[in-house]
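Coordinates in review
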Amino acid sequence: MKIGIPKEIKDNENRVGMTPAGVAELIRHGHQVYVQHTAGEGSGFADEKYAAVGAEILPTIEDVYGVADMIVKVKEPIAPEYPLVKKGQVLFTYFHFACDKELTEAMLKSGAVCVAYETVEKKDHSLPLLIPMSEVAGRMATQNGAYYLQKTKGGKGKLMAGVPGVKPARVLVLGAGTVGEAAARIAVGMGAEVTITDISLPRLKRLAADMPMVHTLYSTEHNIREELPMTDVVIGSVLIPGDAAPKLITRDMLKLMEPGTVLVDVAIDQGGCFETSHPTKHSDPVYILDGIVHYAVANIPGAVPYTSTMALTNATLRYALALADKGWQQACRDDEALRRGVNMVDGKVTYEAVAKVYGMEYTPLDL
């Protein structure tokens, strides 16, 4: 199979779809790999490293899309890429269709086979291709929350850890999944006072045992409202695979918080879990609304591209090899988790949650 790895063109997205080590494995399996010039540069992987393992370096993104049977990316295609996607071409990347109707319609029109990292789901409901970036995003959410809590950045002017004789900052984490747990661990490590909420009592019980210094709280609107006046940083990390995130903090709840409180919306890829969130970029990451600092960068792990690209390739490589070795149809027959990743085929929506969001016809994937 001919596999293309284009350069990411989203704002300040320095990750790349695969490391040279991953490319070497694809080539070892007999596939041809085409990498766009400087695609890996932002992650610390020069063209020479790809060429050394047998990849062909192509000058433009048009060349890569034009030659490839399968495209391996990090982020969803953006508008300049839409015309480049070919009918029947396999796109293996993060899509997050439920919060981007323009992207959804463009990919339907293209007739491509869209396999979304974020909906590859195992029988135990774990999300193997979302986990590595969620671990990065959760850790960074706390780091960014601490940074914007500084007065010079619009925050309250509090130090996360406090100092002897001065209380630490209080952090509220909404959602105890991979992102939430990672965020809570870093916040505790910084010395903050941490509360984490969820609707899963077994998950809260496990976290209470693993991190006894973290307060656990069942997630209800009432409980969240009670916490907000005492909170300095709120990290939103609620995820419904493939669907839009629920709005756990509404506009009217902003008045419950002190000015300078920081909201970090990690769920912004799925529409955000704060009503007042809208996507921001690394080049302009925050805005202040009603005195509350909002951080809603849609590609948080892109700020640490070396770590993120390494972690992502570790997770995606086995699935990319299956798609390339067997073809997408047979690979999906053989692997139920990968089959759940197929969101679109030949202009049809094959993932039910996406179809429901836009009132589109849902076509079950019939292999």
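Just so it is clear, the structure is predicted and the values come from calculations on it, not from any experiment.

Basis of the calculations
- Residues numbered from 1 in each chain as written.
- Predicted model: local features only at pLDDT ≥ 70, side-chain atom pairs only at ≥ 80, totals over all residues.
- Heavy atoms only, no water.
- Helix = DSSP H or I, 4+ residues; strand = E, 2+ residues; numbered from the N terminus.
- Rg over C-alpha atoms; globule rule 2.2 N^0.38 Å.
- Buried < 20%, exposed > 50% of the residue type's maximum accessible area, 1.4 Å probe, protein only.
- Contact = heavy atoms within 4.5 Å.
- Areas by Shrake-Rupley, 256 points an atom, 1.4 Å probe, with all protein chains shown as cover.
- Lys, Arg positive; Asp, Glu negative; His and termini not counted.
- Charge placed at Lys NZ, Arg CZ, Asp CG, Glu CD.
- Salt bridge = Lys/Arg side-chain N within 4 Å of Asp/Glu carboxyl O.
- Patch = residues over 30% accessible without salt bridge, like charges linked within 9 Å, V, L, I, M, F, W, Y side chains within 5 Å.
- Polar contact = N/O pair within 3.5 Å; in protein donor to acceptor, adjacent residues only side chain to side chain.
- Pairing = 2+ DSSP bridges.
- Axes fitted to C-alpha atoms, helices over the stretch in contact; angles between N-to-C directions.
- Phe/Tyr/Trp six-rings, centres within 6.5 Å; stacked < 30°, edge-to-face > 60°.
- Lys NZ or Arg CZ within 6 Å of the ring centre and 35° of its normal.
- Disulfide = S-S within 2.5 Å.
- Parallel < 35°, antiparallel > 145°, perpendicular 65-115°, else oblique.
- Left-handed = near helix turned anticlockwise from the far one by under 90°.
- Nonpolar A, V, L, I, M, F, W, Y, C, P; charged D, E, K, R; others polar.

**Some details on the overall build of the chain**
Helix and strand counts for the chain come out as 12 helices and 15 strands. Scaling as 2.2 N^0.38, a compact globule of 367 residues should have a C-alpha radius of gyration of about 21 Å, and the chain matches this with 21 Å. Reported as C-alpha extents along the three principal axes, the dimensions of the chain are approximately 65 × 45 × 35 Å. Among the 367 residues that make up the chain, the fraction classed as buried is 54%. Considering only intrachain contacts with a sequence separation of at least 6, the fraction spanning at least 24 residues in the chain is 64%. For the chain, the accessible surface area stands at approximately 15100 Å², while carbon and sulfur atoms represent 53% of it. Charge centroids of the chain, computed over 37 positive and 44 negative side chains, lie 3 Å from each other.

**Examining the pattern of salt bridges**
A full pass over the atoms with the stated rule returns 24 salt bridges. Where Lys-156 meets Glu-258, a salt bridge forms, and the shortest distance between an N and an O atom there is 3.0 Å. Of this pair, Lys-156 sits in the loop between helix H5 (131–148) and strand S7 (170–174) while Glu-258 sits in the loop between strand S10 (233–236) and strand S11 (262–265), placing them 102 residues apart in sequence. Here Lys-156 falls in the buried class, since its relative accessible area comes to 15%. Relative accessible area serves as the criterion here: at 41%, Glu-258 is assigned to the partly exposed category.

**Observations concerning a nonpolar patch on the surface**
A grouping of Leu-159, Val-163 and Val-166 is seen on the molecular surface, where their side chains present a nonpolar patch of about 280 Å² in accessible area. For Val-163, the location among the structural elements is in the loop between H5 and S7. A relative accessible area of 47% means that Val-163 is categorised as partly exposed.

**Quick word on the side chain of Asp-232**
Looking at where Asp-232 falls in the secondary structure, it is placed in the loop between helix H8 (221–227) and S10. Under the relative-accessibility criterion, Asp-232 is labelled buried at 2%. Reaching out from Asp-232, the side chain makes a polar contact with the backbone nitrogen of Arg-170 at a distance of 2.7 Å.

**A few points about the sheet that holds strand S1 (residues 2–5)**
Judged by pairing direction, the sheet is mixed, and its 8 strands sit side by side in the order S3-S2-S1-S4-S5-S6-S14-S15 without closing on themselves. The open sheet has two edge strands, strand S3 (56–58) and strand S15 (348–349), and neither has a second partner. In this sheet, strand S4 (residues 70–72) lies alongside S1 in parallel orientation, the contact comprising 2 bridges. When the bridges of S4 are listed, Ile-3 appears paired with Met-70. The strands touched by helix H9 (residues 305–326) within the sheet are S1, S4 and strand S5 (90–93), with S5 carrying the most contacts at an inclination of about 175°.

**Details of the packing of aromatic side chains**
One pass over the structure, following the stated rule, counts 6 aromatic pairs. Centre to centre, the rings of Tyr-94 and Tyr-117 are 4.8 Å apart; their planes meet at 85°, and the pair counts as edge-to-face. One end of the pair, Tyr-94, is in the loop between S5 and helix H4 (101–110); the other, Tyr-117, is in the loop between strand S6 (113–116) and H5, and 23 residues separate them in sequence. Taking the relative accessible area as the measure of exposure, Tyr-94 reaches 3% and is therefore buried. Ring centres of Tyr-147 and Tyr-148 lie 4.9 Å apart, and the angle between their planes is 90°; on these two criteria the pair is classed as edge-to-face. Overall, the relative accessible area of 37% leaves Tyr-147 in the partly exposed class. Grouped by ring-pair contacts, the aromatic residues Phe-92, Tyr-94 and Tyr-117 constitute a single cluster. Above the face of the Tyr-319 ring, Arg-318 is positioned so that its terminal group lies 4.6 Å from the ring centre.

**Examining the state of the cysteines**
Applying the stated criterion across every chain, the model contains 0 disulfides. The closest cysteine sulfur to the non-disulfide-bonded Cys-99 is located on Cys-273, 12 Å from its own sulfur.

**Description of the packing of helix H1 (residues 20–28) against H9**
With their axes 10 Å apart at the nearest point, H1 and H9 run at an angle of 15° to one another. Here H1 is positioned roughly parallel relative to H9, judged by the angle of their axes. The chirality of how H1 crosses H9 is right-handed. Between H1 and H9, the residues in contact are Gly-22, Glu-25 and Leu-26 and Thr-313, Leu-317, Ala-320 and Leu-321, respectively. Looking at side-chain class alone, the contact of H1 with H9 contains 4 nonpolar, 2 polar and 1 charged residues.

**Re the sheet that holds strand S12 (residues 286–289)**
Overall, mixed pairing links the 7 strands, which are arranged S9-S8-S7-S10-S11-S13-S12 in an open sheet. At either end of the open sheet lies a strand with only one pairing partner, and these are strand S9 (215–218) and S12. The sheet shows a mean angle of 20° between the axes of neighbouring strands, direction not considered. Sheet topology note: the S7/strand S8 (residues 193–198) ladder contains 5 bridges and is parallel. Bridge pairing in S8 places Val-171 opposite Val-194. Sheet strands touched by helix H6 (residues 178–190): S7, S8 and S10. Its angle to S8, the strand with the most contacts, is close to 170°.

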